[in-house]
Amino acid sequence: MFDFIRRHTKLIMGVLFLLVIPSFALFGIEGYSSFSDNAGKVAEVNGVKISQTEWDQAHREDVESVRASNPGIDLSLLDTPTMKYASLERLVRERVLQAAAAGEHLTITDQQLAAELQRNPTIAALRQADGTLDVEQYRSLLQARGMTTEGFEAGVRAEMSSRQVLEGVVVSELISPAQADVTTNAFLERREARVQTFTPAEYAAKLQPSDADLEAYYQAHLARYQAPETANIEYVVLDLDSVKKDISINEQELRTYYDNNAPAMGKPEERRASHILINAPKDAPADERSQAKAKATELLAELRKAPDTFADVARQLSQDDVSAPEGGDLGYFQSSKGIDPTLSKVTFALGKEGDISDVVETDFGYHLVRLTGIKPADVPPFEQVRAQLEDQLRTQQAQRQFGELAETFTNSVYEQSDSLAPAAERLKLKVQTAHNVSRIPGPDAAAPLTNAKFLNALFSADALEKKHNTEAVDLGGSQLVSGRVLQHTAAHARPFAEVRDAVRAAFVADKGAETARQQGQARLKALTDQPDTASQMPAAIVLSRDAMQNQPQQVLDAVLRADPAKLPATVGVDLGAGGYAVVRVEKVMPKAEHDAELVAQSRQRYDQLWTMAEAFQYYEALKARYKVKIFAPAPSTATTLTLGGGQ
């Protein structure tokens, strides 16, 4: 089994990437955040909801990940309904595998975690000459990205557990060479055939349709020349920006806000500490914890007499395997992150460098903490952050006011339903206009005219027939919109004069294809009646799936479908707009001798495809087991990026 994993590491990771698109990465990670807001439920896995906020966060992470690896990419390509839905599907897959890992009681040992971290090149680069990890640099690296070592390593464990769920399927699918050869031999089979193609272009050039011909074709195909239903509208948007512009902040408010918030905008105070741990887990017998506390108390008394021996004592007696070799050093950390909260609180309570705490109890045992360094907070001056603080304060006030204004907006557009002007004047909003708005937004459409709910409201019977304002539509992110139809144009056929050129092109293409088909079918009948005339066809060529000789797929399929027991065989292939082909399948060619490397590659590829198919099916089974429900509608205008079937 382990040999298989070693040989198929890329395959396993490929399956995981397709199914999970892991959220854990040392760079670009936003943290394994939990959300406790009351945002709307967009999906559910194993009875646990996925909120709109979590979906938005997942999409931001995906966009940032793509942007980091492709700096020049047009970000608008990623901000589409299809791409957003793909982020939701990724989030669902992640939750499904997490639930499966928990359900199967898959755990990661400390040794497995250490080995995984060693394989990370960024962390490996932090190793010192003696092979030990530079703990301070490791912590600093994570702190710079807003992570604690505990949170980061918990995330790695979670990803590894999810990986184990699929590894169980991957390593169980061992395909024999004989099985692989049956399929690959069929794939590589070669056949000799003659192909005579009748192309529409040969006949289209000779066509000279009259206006009467084109008019008749236009009338017979009116559905092709329909102009979509459109509307000219006006609309108003209430959002935070429109609320913020009318909020003024006085100097005293700004100064007070600065006093309360400026430290968070600069670099907060950091402290460095060392500790000695005497192990005694919280679930250990009371006797064991009592002995551990007594030992810690005894050590404290000795260290009070000789505080400068703290590092040496930590190396000899501390039972924290990570920090003990470094003299108990925990590195620099902030009061709110980077270290166990209890140890952080004790460290920031110490008065000066060199001070040693009393015995500290945690879930892990008993600690002695020594303050070894202080980096004072770096608070930016008022004028430097004035604009930023003013914007934050205005945003906060706008958020507080938005609920009340949203109610006013909603009531106004409903109560005075024949005009948007009263709501706009009351709330100092701009009435905007848009022309030729359709039910399905075009590629150049911009928000809010891309929102399906708003478009549905605009094209409702009430809005179209009575010209009433739409209801206030919640666009999310503290945005409401209401619109009103000024002019509605129903779907209709474009005038013949407007589409004459398109009609002629379609007529010529259709008639050319029809003539090519008739000529091809006539040739097929002649060959069937007089097989000896096959020699008049183009010279025979050898066709196979890996050597199509520029032939259409339909031709290749027809060649390979012919019964080998009934060769030679003649068949006709309708190529649609591409015309018609008459195919004479002569014989099956002897199996080509392939070198060992190609055979090995073919077997490996078959093995990979089979394993991935099994993994996808297993994931589908997991979705059913853990009761996956997706409430957000899938994009209707594009194929979603699903794997192993739709939702």
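It should be emphasised that the depicted structure is a prediction, and the values quoted were computed from it without experimental measurement.

A.B. asks: Can you help me understand the overall build of the protein in this one?
C.D. replies: Within the protein, the regular secondary structure consists of 23 helices and 17 strands. Here the protein holds 647 residues, and the buried ones make up 40% of them. Excluding contacts between residues fewer than 6 apart, the proportion of contacts in the protein whose partners are at least 24 apart in sequence is 74%. As displayed, the protein offers around 35,400 Å² of accessible surface, 51% of which is attributable to carbon and sulfur atoms.

A.B. asks: How should I be thinking about the sheet that holds strand S16 (residues 580–588) in this particular structure?
C.D. replies: Two pairing modes exist for strands in a sheet, parallel and antiparallel, and in both the strands are linked by backbone hydrogen bonds. Pairing is antiparallel in the open sheet, where four strands are placed in the order S14-S3-S16-S15. Since the sheet does not close on itself, it has two edges, and those belong to strand S14 (541–543) and strand S15 (569–574), each with one partner. Strand-to-strand, the axes of this sheet are offset by a mean angle of 40 degrees, without reference to chain direction. Relative to S16, S15 is paired through six bridges, and the arrangement is antiparallel. Of the residues in S16, the one forming a bridge with Asp574 is Tyr580. The strands that helix H21 (residues 496–529) touches are strand S3 (191–198), S15 and S16; relative to S16, the one it contacts most, it runs at about 35 degrees.

A.B. asks: Just to check I follow, could you spell out the pattern of salt bridges for this structure?
C.D. replies: Where side chains of opposite charge bring their charged atoms close, a pairing between them can arise. Across all of its chains, the model carries 33 salt bridges by this definition. Its salt-bridge partner being Lys629, residue Glu44 comes within 4.0 Å of it at the nearest N-O pair. With Glu44 in strand S1 (residues 41–45) and Lys629 in strand S17 (residues 629–630), the pair connects residues that are 585 residues apart, well separated along the chain. Overall, Glu44 belongs to the buried group, its relative accessible area being 13%.

A.B. asks: Is there a simple way to explain the pairing of S16 in this structure?
C.D. replies: Side-chain positions along a regular strand alternate between the two faces of the sheet. Across eight bridges, the pairing between S3 and S16 is antiparallel. Bridge pairing in S16 links Val195 to Val583. Where S15 folds back onto S16 in an antiparallel hairpin, the turn is made up of five residues, including Gly576, whose phi is positive at roughly 60 degrees.

A.B. asks: Where do I start with the nonpolar core in this structure?
C.D. replies: Among soluble globular proteins, nonpolar side chains are generally buried collectively. Grouped together as the largest cluster of nonpolar side chains are 26 residues, with contacts concentrated most on Leu238, Phe402 and Phe409. Among the secondary structure elements, those contributing two or more residues to this core are strand S5 (230–239), helix H12 (240–244), helix H13 (251–265), helix H17 (382–415) and helix H18 (421–427). Here this core takes nine residues from H17, the largest share from any one element. Discounting chain neighbours no more than four positions away, the residues touching Phe402 are Leu238, Asp239, Leu240, Val243, Ser478, Gln479 and Leu480. Leu88, Leu91, Leu97 and Tyr619 belong to the second largest nonpolar core, which has 23 residues in total.

A.B. asks: Quick question: what am I supposed to make of unusual backbone geometry here?
C.D. replies: For residues that are not glycine, phi is negative in most cases, and the peptide bond is trans in most cases. In the segment running from Ala447 into Pro448, the intervening peptide bond is cis, with an omega of 5 degrees. Along the chain, Leu567 connects to Pro568 via a cis peptide bond; the corresponding omega equals 0 degrees. Structurally, the position occupied by Pro568 is in the loop between helix H22 (553–561) and S15. Look at Gln549: it is not a glycine, yet its phi comes out positive at around 55 degrees. Assignment of secondary structure puts Gln549 in the loop between S14 and H22. Relative accessible area serves as the criterion here: at 43%, Gln549 is assigned to the partly exposed category.

A.B. asks: How should I be thinking about the sheet that holds strand S2 (residues 48–51) in this particular structure?
C.D. replies: The sheet built from three strands is open, its strands ordered S2-S1-S17 with antiparallel pairing. Because the sheet does not close on itself, it has two edges, and the strands there are S2 and S17. Alignment of S1 against S17, held across two bridges, turns out to be antiparallel. Considered in S17, the bridge of Ala43 is made with Ile630. Its contacts with the sheet place helix H4 (residues 81–103) against S1, S2 and S17, and it is angled at close to 30 degrees to S1.

A.B. asks: Explain the side chain of Thr362 here, please?
C.D. replies: With respect to the element layout, Thr362 can be found in strand S8 (residues 360–362). What makes Thr362 buried here is its relative accessible area of 7%. For Thr362, the side chain forms a polar contact with the main-chain nitrogen of Phe364, separated by 3.1 Å. Within the local environment of Thr362, its side chain forms a polar contact with the side chain of His367, the two groups lying 2.7 Å apart. Thr362 has contacts with Arg289, Asp340, Thr342, Leu343 and His367, leaving out every residue within four places of it along the chain.

A.B. asks: Which parts of the structure should I look at to understand the environment of Gly512?
C.D. replies: Assignment of secondary structure puts Gly512 in helix H21. On the accessibility criterion, Gly512 (0% relative accessible area) is buried. Excluding anything up to four places from it in sequence, Gly512 contacts Pro200, Tyr203, Ala204 and Leu207.

A.B. asks: Please explain the side chain of His367 as it appears in this structure.
C.D. replies: Along the chain, His367 turns up in strand S9 (residues 365–375). For His367, the residues in contact, after removing those within four places along its chain, are His275, Ile276, Leu277, Leu343, Asp358, Val359, Val360 and Thr362.

A.B. asks: Explanation requested: the pairing of S2 in the structure shown.
C.D. replies: The pairing of S1 with S2 spans four bridges and is classified as antiparallel. When the sheet's bridge partners are listed, Ala43 is paired in S2 with Ile50. Between the end of S1 and the start of S2, which pair antiparallel, lie two residues, with Asn46 showing a positive phi angle near 55 degrees.

A.B. asks: So what exactly am I meant to see when it comes to the packing of helix H11 (residues 211–220) against H21 here?
C.D. replies: Angle between the axes and distance between the axes: these two values describe a pair of packed helices. At a minimum axis separation of 9 Å, H11 and H21 run at an interaxial angle of 95 degrees. Between H11 and H21, the angle falls in the class roughly perpendicular. For the pair formed by H11 and H21, the contact residues are Asp211, Asp213, Leu214, Glu215, Tyr217 and Tyr218 on the first element and Phe496, Val499, Arg500, Val503, Arg504, Ala506, Phe507 and Asp510 on the second. In terms of residue class, the contact of H11 with H21 is made up of eight nonpolar, no polar and six charged.

A.B. asks: Can you walk me through the packing of aromatic side chains in this structure?
C.D. replies: What characterises a pair of aromatic rings is the spacing of the ring centres plus the angle enclosed by the ring planes. Applying the stated criterion to the full structure yields seven aromatic pairs. A ring pair is formed by Tyr218 and Tyr225, whose centres lie 6.0 Å apart and whose planes are at 35 degrees; its orientation type is tilted. Using a relative accessible area of 6% as the deciding quantity, one classes Tyr218 as buried. Judged by its relative accessible area of 7%, Tyr225 is buried. Taken together, Tyr218, Tyr225 and Phe496 form an aromatic cluster joined through their ring pairs. Over the ring of Phe382 we find Arg255, and its NZ or CZ is 3.8 Å from the ring centre. For the cation-ring pair, Lys375 lies above Tyr332, with the distance from its terminal atom to the ring centre recorded as 4.3 Å.

Conventions used here
Residues numbered from 1 in each chain as written. Predicted model: local features only at pLDDT ≥ 70, side-chain atom pairs only at ≥ 80, totals over all residues. Heavy atoms only, no water. Helix = DSSP H or I, 4+ residues; strand = E, 2+ residues; numbered from the N terminus. Buried < 20%, exposed > 50% of the residue type's maximum accessible area, 1.4 Å probe, protein only. Contact = heavy atoms within 4.5 Å. Areas by Shrake-Rupley, 256 points an atom, 1.4 Å probe, with all protein chains shown as cover. Pairing = 2+ DSSP bridges. Axes fitted to C-alpha atoms, helices over the stretch in contact; angles between N-to-C directions. Salt bridge = Lys/Arg side-chain N within 4 Å of Asp/Glu carboxyl O. Core = buried A, V, L, I, M, F, W, Y, C linked by side-chain atoms within 4.5 Å. Polar contact = N/O pair within 3.5 Å; in protein donor to acceptor, adjacent residues only side chain to side chain. Parallel < 35°, antiparallel > 145°, perpendicular 65-115°, else oblique. Nonpolar A, V, L, I, M, F, W, Y, C, P; charged D, E, K, R; others polar. Phe/Tyr/Trp six-rings, centres within 6.5 Å; stacked < 30°, edge-to-face > 60°. Lys NZ or Arg CZ within 6 Å of the ring centre and 35° of its normal.

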